[in-house]
Amino acid sequence: MSKNSAEYLINRKDNQYEVVIGLEVHAQVLSESKLFSTSATKFGAEPNTQVSLVDAAFPGMLPVINEFCIKQAIKTGIGLNAKINKRSVFDRKNYFYADLPQGYQISQFKDPIVGEGKVILDMPDGQKEVGIERLHLEQDAGKSIHDLDPQNTFVDLNRSGVALMEIVSKPDLRSPDEVSSYIKKLRSIMRYLGTCDGNMQEGSLRADVNVSVRIKGSKEFGTRCEIKNVNSIKFMQMAIEYEANRQVDLIEEGKSIDQETRLFDTKKNETRSMRSKEDAHDYRYFPDPDLLPLEISDKFINDLKNNIPELPDDKKKRFIDEFKLSPYEATILVSDIDTAKYFEEVVAKMGKNRDMKLAVNWITGELFAVLNNKNLEISQSPVSAKNLAILVNLIKNGTISGKIAKTVFELMLDGDKDPQKIVEEKGLKQQRDPKAIEALIDKIINDNREKAIEYKSGKEKLFGFFVGQAMKASGGKANPQLINEILKKKL
Amino acid sequence: MSIDLKTIKHISKLSRISVDEKRGEKLAGDLNSIFDFIEKLNELKTNNIEPLTSIAETTLKLRSDEVKSKNIREQIVKNSPQDNEDYFVVPKVIE
Amino acid sequence: MSDITKQSLTELVENIKNKNLSSTDITKAFIERSEKSKELNVYITDDFTSALDKAKKFDQKPNLDLKLPGIPMAVKDLFCTKDVKTTAGSKILNNFVPTYESTVTENIWNEGAILLGKLNCDEFAMGSSNETSFFGNVQNPIDKNLVPGGSSGGSASALAGQLTPITIGTDTGGSIRQPASFTGTVGLKPTYGSCSRYGIVAFASSLDQAGPMAQNVKDCALLQEIISTYDPKDSTSIDFKRNQYSKKLNNNIKGKKIGIPKEYRVDGMPKEIEDLWQKGIQYVKECGAKTIDISLPHTSYALPTYYIVAPAEASSNLARYDGVKYGFRAKGENLIDMYEKTRSEGFGAEVQRRIMIGTYVLSSGYYDAYYLKAQKVRKLIKNDFDEAYKKVDAILTPSTPSSAFKIGEKTDDPVSMYLNDIFTVPVNLAGLPGISIPAGHDSKGYPLGLQIIGKAFDEQNILNIAFAMEEKINFKNKITDWWIE
Ligand SMILES: [Mg+2]
Ligand SMILES: [Zn+2]
């Protein structure tokens, strides 16, 4: 057990409780068509317009599996450092629900396509390994809409049959922060791999959260509750916080915890029991007789392995080694694939004489601030990587000062303008002609004779005054180093 | 092996087929005679036998990731018992 | 030509090709006879008007290169047919009109055949006497109040009663071969994976196979070569090289080794059946084949295995009939109430019984004891056949343990009803092809069938053996047209 300040514990009277969390993440596979049918998977289509006879479970309709979805699952498995199973089986999970047209979900139960793996989390106090129990492929259900009509529920089957990867973690998570970090890491890995877009608003990534509590130091697990289908990291954290406290309260009161499925009410910020699901809990899994076991060859797996892109952990290592970034900077820059791409493009465009530190500061500073303000993804950045690289180079080679650069950057935002052109058009080039600066300084000394005398008689602080005056007189364009040198000579 | 009314009620719930007391008794009787006959399998030792999942002597064929199904909403909802052009409609679901 | 309906498929095709008959002539003749045969109750839905239209259209521009040029035929109501109501013999699909066509029927129409209508069958093909149909009993043309067998009872009855020249059925545990045997016709259950299951209302996915039914082996072979195609829409369809079965049909079976399994000599089997079997052995010997005594030691476990596997799969396959997307819906106060009432009122007693059995054997705590056990025994049964086929080319058995029985005779005793399929079920469990041919009559004059079971994908071989035997047997069905109005 880690003994650090970040430890998440719930304190009551004499007892300290630790929270044990395991996640079943449902990640929508990025694919054009569904897992067992040829319907489209696009988000936001008109209701029931992406539904085939197979998706709506018409009599005599049969599933035929999408090879690409299998590859996506295996790639994800590789990204999770997991064992790929060469033989896996599709089972039927039987239950009745309005948005489950077949009366069963095709899933994988006993023999999933991916077995045990692990992911590494970068926590403020160090790295943490989280075990992956398995990853399996399954169909998504449709959507029930309860608020269109007072008497009826409406069913949209567009999502019915879309491929999901269910990624089951081991109960290794111990705090809401770790859960946040874990989800972000999974999302990052899958986005690097192109296997899931990770869009939580559109439901591409959601999780069932298993929570239990136990006295700190205890080896046994407490009774767990499963909070179903939470679709934002914030809600997951809130749900865990609430649920853990609820369980601790029950224990403190000497009551027992029922193992059950619960729902997180985002409005009331509480979890509550889902009795409706309780009485149909016997899913009667059995191998789907419409499908044969899935057998994949070593070659099939190796071809995928050989085409795995550089993943966040490796990229981070390379950024540290190759670009001499700090682990902190590297973590930020690799966390999202688009950020990493942007950064690497900036690096490439800066060319040989590059200032890595400066580039990192500009991306994580000015650029991030702008994106944050305008609520934009880096892929929608108003300033292209190429132009940011040019800007950084202009600073690096002394064409403009850091201060002027900020002005230039502001101007770049409008239509991704070339900073070089802005500098030329607005005449913002740094003044580097010593004679011109000399003339400028001569004038200032002449205008401020008394101050010059004071300086000479030992009031060294006044040096800053002269620098400021010189800068001001040059409209901020004079090279500061030259001002320094010339001032020292003249005073 | 005896299937009682309670078991019948449980199965009836799982299979979403309502069964009243009278039909339940009859079903229990039928199922018991069928299971008496099924129990014959217990004569066989099968510990080391691999279960046969599929009889088709082939491997699972894979489909390419292409969208072929168009918007056939009209066909899809045409047969549904409660009329609505866009949705399937069911009695209110209470969570 | 008054005897059009008596002609075999081969004769009809010949007559169309020689222009002795038009498609309209033939279609009219079968429709007229069907109209007079209401008492048999073979049709759930007829499509006579559009059949005649199609026949006329065919005659205007006849394509005589097709294998079924303008030939009308009716099919079991388990095949989804585009724009023609498809019920599976159930109330729950009473008003269901598919917008799509099953692959098997599509293949048939592509060869020029014309749909006459949809034939009665046991509800969701669950039954051996056609008595579980929501649309009532089917009469066997052999005798009044005699069951035609099931589940393809309407198909067998329509064929034997000459209301359709050929037909197709489905066979999950004997549903083609048993009714063929009960009506004096030929029925083939192909190798699992030979005919696509796409568009066929599913009963038990790992056992269901569509197959041809005909008046003779040659017609049967022709229909088989039409319906057996590899179909990428069915993941269990098998991509193997299919023969032109009718062209390669050959009665030379000299030197073939035919296995006679001792375990098929079951307790209480009527002497008539044993005698028929012996006669069959005689016939194949006369054809120059050798018979070899073999053992299929797990035969008696086949039926119990089947009554776990089939209901288990069915309980899940039939979950889609929930009143939401299509078919019958009962009024309910809420979703669950609607489900329970819909399925309770929409399914008949036998279907409910099997859903219950299936649900039970898959439920937690019972899966291993029943479902898993059955899958293991299924493996043993398959091994028996694999072992036997090291020594023999085919296996000869009776098709059924008795001739057709009276309507109502077995409805109260499910187990005695299930015992009907004792000789056919092992073939489905092992995924093998099996053909039933009429081979004689019992003392009441009811037909009796013999079954030839082949190796997987060896349809040609069993068709050849059946073809050779057919010649020797020279069976004549005793149809008196008693039902004709
Ligand atoms: Mg879950
Ligand atoms: Zn899941």
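Just so it is clear, the model here is predicted, and its values are computed rather than measured.

## Regarding the overall build of chain C
For chain C, the helix and strand inventory stands at 15 helices and 11 strands. Here the C-alpha atoms of chain C give a radius of gyration of 21 Å, agreeing with the 23 Å that 2.2 N^0.38 yields for 485 residues. Viewed in the frame of its principal axes, chain C has a C-alpha envelope of about 65 × 55 × 45 Å. Relative to its 485 residues, chain C shows a buried fraction of 70%. Relative to all contacts within chain C whose residues are 6 or more apart in sequence, the contacts with residues 24 or more apart total 75%. Of the roughly 14800 Å² of accessible surface on chain C, 47% is carried by carbon and sulfur atoms. Averaging the locations of the 58 positively and 58 negatively charged side chains of chain C gives two centres separated by 4 Å.

## A look at the coordination of the magnesium ion (ligand 1)
Residue and element names in this part refer to chain A. Note on the magnesium ion (ligand 1): its protein donors are Glu24 (OE), Asp208 (OD) and Glu226 (OE). The metal-donor distances range over 2.0 to 2.5 Å. The distance between the magnesium ion (ligand 1) and the zinc ion (ligand 2) comes to 5.3 Å. Pair noted here: Glu24 is in strand β2 (residues 15–28) and Asp208 is in strand β11 (residues 205–215), with a separation of 184 residues, a long-range link. Asp208 matches Glu24 in its accessibility class, with the two residues each being buried.

## Quick look at the packing of helix α8 (residues 271–286) of chain C against helix α15 (residues 459–473) of chain C
All names here are of chain C. Relative orientation of the contacting elements α8 and α15 amounts to 105 degrees, with a least axis distance of 9 Å. The angle between the axes of α8 and α15 places the two elements in the roughly perpendicular class. Note on element contacts: α15 touches α8 through Ile465, Met469, Lys472 and Ile473, opposite Gly280, Tyr283, Val284 and Glu286. Residues that form the contact of α8 with α15 fall into these classes: five nonpolar, one polar and two charged.

## Thoughts on the layout of surface pockets
Residues and elements named next belong to chain A. By volume, the second largest pocket is sized at about 1100 Å³. Lining the second largest pocket we find 34 residues, and of these Lys184, Arg187, Ser335, Asp336 and Glu377 sit closest to its centre. Elements that contribute at least two residues to the lining of the second largest pocket include exactly β6 (117–123), α2 (176–193), α6 (312–323), α7 (327–334), α8 (337–350) and α9 (356–374). A class-by-class count of the residues in the lining of the second largest pocket yields 11 nonpolar, 12 polar and 11 charged. Per-domain counts for the lining of the second largest pocket show at least three residues from each of domain 1 (9–305) and domain 2 (312–426).

## Some points on the nonpolar core
Within soluble globular proteins, side chains that are nonpolar generally end up buried alongside one another. In terms of nonpolar packing, the biggest core is built from 313 residues, with Tyr182 of chain A together with Ile108 and Phe124 of chain C touching the most fellow members. Counting residues per element, this core draws most heavily on helix α12 (residues 367–388) of chain C, at 10 residues. Mapping this core onto the domain boundaries places at least three of its residues in each of domain 1 (9–305) and domain 2 (312–426) of chain A. With near-sequence residues (within four places) excluded, Tyr182 of chain A lies in contact with Leu23, Val25, Val119, Leu121, Val130, Ile132, Ile167, Ser169 and Leu173 of chain A.

## Some details on empty space enclosed by the protein
Space left empty within the atom packing is revealed by a probe, the size of a water molecule, rolled over the atoms. Residues and elements named next belong to chain A. Enumeration over the complete set of coordinates arrives at eight cavities of 30 Å³ or more. Empty space within the largest cavity amounts to approximately 100 Å³. Along the wall of the largest cavity there are 13 residues; nearest its centre are Asp55, Gln102, Gln139, Ser160 and Gly161. Each residue belonging to the lining of the largest cavity can be placed in one class, and the counts come to five nonpolar, six polar and two charged. Size it by volume and the second largest cavity reaches roughly 80 Å³. Residues that form the lining of the second largest cavity fall into these classes: six nonpolar, two polar and three charged.

Parameters and conventions
Residues numbered from 1 in each chain as written. Chains lettered and ligands numbered in written order. Predicted model: local features only at pLDDT ≥ 70, side-chain atom pairs only at ≥ 80, totals over all residues. Heavy atoms only, no water. Helix = DSSP H or I, 4+ residues; strand = E, 2+ residues; numbered from the N terminus. Rg over C-alpha atoms; globule rule 2.2 N^0.38 Å. Buried < 20%, exposed > 50% of the residue type's maximum accessible area, 1.4 Å probe, protein only. Contact = heavy atoms within 4.5 Å. Areas by Shrake-Rupley, 256 points an atom, 1.4 Å probe, with all protein chains shown as cover. Lys, Arg positive; Asp, Glu negative; His and termini not counted. Charge placed at Lys NZ, Arg CZ, Asp CG, Glu CD. Donors = N, O, S within 2.8 Å, 3.2 Å for Na, K, Ca; no water. Axes fitted to C-alpha atoms, helices over the stretch in contact; angles between N-to-C directions. Parallel < 35°, antiparallel > 145°, perpendicular 65-115°, else oblique. Nonpolar A, V, L, I, M, F, W, Y, C, P; charged D, E, K, R; others polar. 1 Å grid on protein atoms, 1.4 Å probe; cavity = no way out; pocket = protein on both sides within 12 Å on 5 of 7 lines; lining within 4 Å. Points joined across faces, edges and corners; volume = space filled by probe spheres on them. Domains from an automatic or database assignment. Core = buried A, V, L, I, M, F, W, Y, C linked by side-chain atoms within 4.5 Å.

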